[in-house]
Protein chains: 2
Amino acid sequence: MSKATTIHDIAKRLSINSSTVSRALNNDDRVAAKTKARVQAMAEQMNYQPNQLAANLRKQRSNTIGVVVPYLSRHFFSTVIAGIEEQAHQHGFNVIICQSKEESEREIKNLETMLHSRVDGILISPTLAGDNLAFLSSMMDRKIPVYFFDRHFDEMDTTRVLMNDQAIAEEMCDHLLQQSSGSMRVLTGPIQASIYRARIQGILNSFRKHGLNTEEKLHIEEVPLTLDKSQELVKQWIQRQESFDMLFCMNDMAALGGLQALLDAGYQVPQDCMVVGFSNEPVSKLMHPAITTVHQPAVAMGKVVTKKLIQHIEEPESITYSETTILKSKLIIRASSLRNE
Amino acid sequence: MSKATTIHDIAKRLSINSSTVSRALNNDDRVAAKTKARVQAMAEQMNYQPNQLAANLRKQRSNTIGVVVPYLSRHFFSTVIAGIEEQAHQHGFNVIICQSKEESEREIKNLETMLHSRVDGILISPTLAGDNLAFLSSMMDRKIPVYFFDRHFDEMDTTRVLMNDQAIAEEMCDHLLQQSSGSMRVLTGPIQASIYRARIQGILNSFRKHGLNTEEKLHIEEVPLTLDKSQELVKQWIQRQESFDMLFCMNDMAALGGLQALLDAGYQVPQDCMVVGFSNEPVSKLMHPAITTVHQPAVAMGKVVTKKLIQHIEEPESITYSETTILKSKLIIRASSLRNE
DNA sequence: TTGAAAGCGCTAACAC
DNA sequence: GTGTTAGCGCTTTCAA
């Protein structure tokens with residue numbers, strides 16, 4: 001096999017025109033059933049493989065969706081991508097993936113590559129500092145739809161699929177404050193990020209609702225949300241004899257680290273200090289005590305946002321609006337925050 | 001902006017030929033430095049974005065690598081892909097990703113799509129049952145290089161990058177047998193899989209070396225390697241009063257589940273039973289006791305295999321051989337398998 | 001060092 | 001229903 005079969009080869013063998021072959025292969029209504037059958041049989045026989053590249057060039061459409069996430073290996077993001085991938089393939093779209101590593105420069109470079117590859121649309125959970133906002137806007141101006149998931153920019157008026165971060169954080173905080181009127185420490189990621197801002201707002205609401213003074217009773221710390229950093233920080237607090245009896249972590253890894261530091265120092269959890277996390281990593285339920293957390297429907301998020309984007313790609317005129325979809329996450333209360341058992 | 005700028009637009013404005021523009025943009029030696037500068041300036045000014053689609057069609061090359069893994073959301077695979085992505089982008093390649101979900105049918109469908117998209121090469125950790133082997137071979141026949149990572153087929157003579165599964169499992173088993181001459185239970189994934197076969201071979205070697213009877217002392221159980229399944233199974237064993245004092249799990253999730261079941265039943269780990277896992281998931285070190293495991297260089301695996309594939313794509317004639325690269329993983333001994341402390 | 005011209009494989013407007 | 005024709009935007013001989 002020295003050369004791949006083209007529609008022209010098939011046409012020649014069948015003594016018909018290549019455009020008829022094209023139509024037959026694309027199941028066009030106007031071509032006779034009999035011709036269709038002949039073409040399909042011959043295509044099979046000659047082991048014809050359509051050349052998407054050519055079709056794409058002609059159609060000015062790559063059938064490809066570009067996805068940008070901070071880190072591919074974070075459980076939450078790889079799970080969302082699993083959802084994206086599934087939905088996209090169902091609709092005949094390819095998915096190309098990049099990681100920004102939280103660097104907006106890298107993110108822009110990736111987006112440029114995608115632009116050159118003529119992706120039909122972008123799905124992104126953007127890096128939160130830097131000048132990527134302007135670049136993303138310019139992509140929209142070029143009629144390439146950019147949809148957000150999980151993270152977003154308020155400034156950009158486009159469709160996004162988010163979690164109910166504020167409400168669930170408020171609910172979580174309510175749950176804690178019902179059991180304690182002590183002092184809370186919050187470990188959060190970058191405050192610029194909408195998700196963290198939303199969650200903190202939820203916490204503030206809850207404090208206000210309970211008539212508690214946030215100046216005195218609430219201490220918010222912005223840190224890299226990793227196991228090690230969190231463990232180290234909480235250890236320091238304990239050494240300095242700072243007092244708190246609730247530890248609210250914005251992800252499970254930080255909660256694990258914090259829990260570890262507390263237990264190492266001989267604290268009882270939840271009696272001396274309650275600990276809660278976020279994201280429901282598989283391990284959170286295995287700790288002693290098991291950690292209270294929030295389950296986020298990550299696969300669903302991927303599917304939903306992809307479905308909307310594909311609809312936009314396939315019928316651009318029909319999309320005259322942008323919408324914000326809020327997916328409901330769910331509180332999972334476990335021993336690490338249950339004093340009354 | 002109603003229409004994207006092409007090289008022809010630039011050529012017209014500069015009153016030169018589009019092929020000169022093409023050459024200038026590709027930094028061809030034959031074009032005068034002065035012309036190059038003019039072209040580049042104009043391209044900038046007109047906000048020219050190269051159309052990869054067109055270049056790809058002309059060059060019969062998509063600059064895209066197809067990646068197939070069982071599950072995108074498994075930590076090991078998403079980490080390998082992070083490495084693949086990084087290496088590929090450094091060399092100007094895109095990466096499209098599919099998950100097979102361990103279904104060979106789905107895998108073949110994905111591969112076909114990639115074929116039509118004219119990927120320049122495939123990186124795959126294949127599903128281990130089904131008729132995908134034949135399909136993969138046929139891709140190689142079509143001059144599309146297929147490289148394996150982590151998993152592979154002995155029957156296919158192509159480059160692959162694997163872990164030293166057999167050696168490390170033997171080392172792990174040695175470590176256990178030095179401390180016990182009791183009975184071992186192994187929780188493994190599908191035996192058809194080369195990785196599990198290799199690891200089991202390592203265990204057998206270790207038993208033989210220690211002069212122990214595998215008929216009596218070794219019990220191998222093939223199960224889905226999930227936390228829940230493992231926990232359930234070990235719980236059953238305990239209820240049935242089956243006796244074993246070493247639990248060798250082929251991943252950390254299974255080890256976590258097993259550990260949980262043992263602790264729930266009041267067993268002391270490692271005194272009553274040692275527990276070991278595989279893959280060094282972040283949580284393994286957080287358990288009480290911390291779990292002995294194997295660190296696998298996943299990012300490195302992704303980078304190495306991608307580098308080799310790209311070399312193959314760029315200089316196909318120079319590749320007259322296939323090679324097997326074995327990456328060294330590393331034993332991480334922790335409290336769950338240390339009786340002498 | 002540059003220009004002219006052909007063509008990658010496909011689709012789609014138009015004609016019959 | 002089918003054929004004719006004209007590109008999509010780029011690269012790459014070949015010629016000058």
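As the structure is a prediction and not an experimental result, all values here were calculated from the model.

Draft legend 1. Just the overall build of chain A, in detail. Scanning chain A for helices and strands turns up 13 helices and twelve strands. Over its C-alpha atoms chain A spans a radius of gyration of 26 Å, topping by over 25% the 20 Å that the globule rule assigns to 341 residues. Dimensions of chain A, computed from C-alpha atoms along their principal axes, come out at roughly 90 × 40 × 30 Å. With 341 residues in all, chain A has 57% of them scored as buried. Within chain A, contacts between residues separated by at least 24 positions form 73% of all contacts whose residues are at least 6 apart in sequence. Put simply, chain A shows about 15000 Å² of open surface, and 47% of that area lies on carbon and sulfur atoms. Charge centroids of chain A, computed over 37 positive and 39 negative side chains, lie 10 Å from each other.

Draft legend 2. How the structure looks around the pattern of salt bridges. All names here are of chain A. Per the counting criterion, the structure on display carries 30 salt bridges over all chains. The salt bridge involving Glu170 is made with Lys209; its shortest N-O contact spans 2.8 Å. Here Lys209 lies in helix α9 (residues 194-209) and Glu170 lies in helix α8 (residues 165-177), a separation of 39 residues in the sequence. Salt-bridge contacts for Arg185 lead to Glu242; the nearest nitrogen and oxygen are separated by 2.7 Å.

Draft legend 3. Molecular detail of the interface of chain B and chain A. The interface of chain B with chain A comprises 51 residues on the first partner and 51 residues on the second. Summed over both sides, the interface of chain B with chain A buries roughly 4600 Å², with 57% coming from carbon and sulfur. Among the residues chain B hides against chain A, the three largest losses belong to Leu53, Arg118 and Leu286 of chain B. Together they make up 14% of the total. Along the contact surface separating chain B from chain A lie six salt bridges. The closest approach of N and O atoms between Asp228 of chain B and Lys285 of chain A, which form a salt bridge, is 3.3 Å. At the level of elements, α4 (52-59), α5 (75-90), β2 (94-99), α6 (104-116), α11 (227-239) and α12 (252-264) of chain B are the ones that each hand at least two residues to the side of chain B that touches chain A. Examining the composition of the side of chain B that touches chain A, we find that eight residues originate from one element, α5 of chain B, more than from any other.

Draft legend 4. Here's a closer look at the protein's contact with DNA strand C. Residues in contact with DNA strand C amount to 27 residues; listed here are only the nearest, Ser22, Tyr48 and Arg58 of chain A together with Thr20 and Thr35 of chain B. Sugar and phosphate atoms form 62% of the subset of DNA strand C atoms that lie within 4 Å of the protein. In this structure, Asn51 of chain A approaches DNA strand C through a main-chain N or O atom, which is 3.4 Å from a phosphate oxygen. Ranked by residues supplied to the surface near DNA strand C, first place goes to helix α4 (residues 52-59) of chain A with four residues.

Draft legend 5. View of the packing of α6 of chain B against helix α7 (residues 132-141) of chain B. All names here are of chain B. Here α6 crosses α7 at 15°, and the two axes come no closer than 10 Å. In terms of axis orientation, α6 runs roughly parallel to α7. As for how α6 packs across α7, the hand of that crossing is left-handed. Each of Ser104, Glu107, Ile108, Leu111, Glu112 and Leu115 in α6 lies in contact with α7, whose residues at this interface are Asn132, Phe135, Leu136 and Met139. Taken together, the residues of the contact of α6 with α7 break down into six nonpolar, two polar and two charged.

The rules behind the values
- Residues numbered from 1 in each chain as written.
- Chains lettered and ligands numbered in written order.
- Predicted model: local features only at pLDDT ≥ 70, side-chain atom pairs only at ≥ 80, totals over all residues.
- Heavy atoms only, no water.
- Helix = DSSP H or I, 4+ residues; strand = E, 2+ residues; numbered from the N terminus.
- Rg over C-alpha atoms; globule rule 2.2 N^0.38 Å.
- Buried < 20%, exposed > 50% of the residue type's maximum accessible area, 1.4 Å probe, protein only.
- Contact = heavy atoms within 4.5 Å.
- Areas by Shrake-Rupley, 256 points an atom, 1.4 Å probe, with all protein chains shown as cover.
- Lys, Arg positive; Asp, Glu negative; His and termini not counted.
- Charge placed at Lys NZ, Arg CZ, Asp CG, Glu CD.
- Salt bridge = Lys/Arg side-chain N within 4 Å of Asp/Glu carboxyl O.
- Buried area = accessible area lost by both parts, 1.4 Å probe.
- Near = heavy atom within 4 Å.
- Polar contact = N/O pair within 3.5 Å; in protein donor to acceptor, adjacent residues only side chain to side chain.
- Axes fitted to C-alpha atoms, helices over the stretch in contact; angles between N-to-C directions.
- Parallel < 35°, antiparallel > 145°, perpendicular 65-115°, else oblique.
- Left-handed = near helix turned anticlockwise from the far one by under 90°.
- Nonpolar A, V, L, I, M, F, W, Y, C, P; charged D, E, K, R; others polar.

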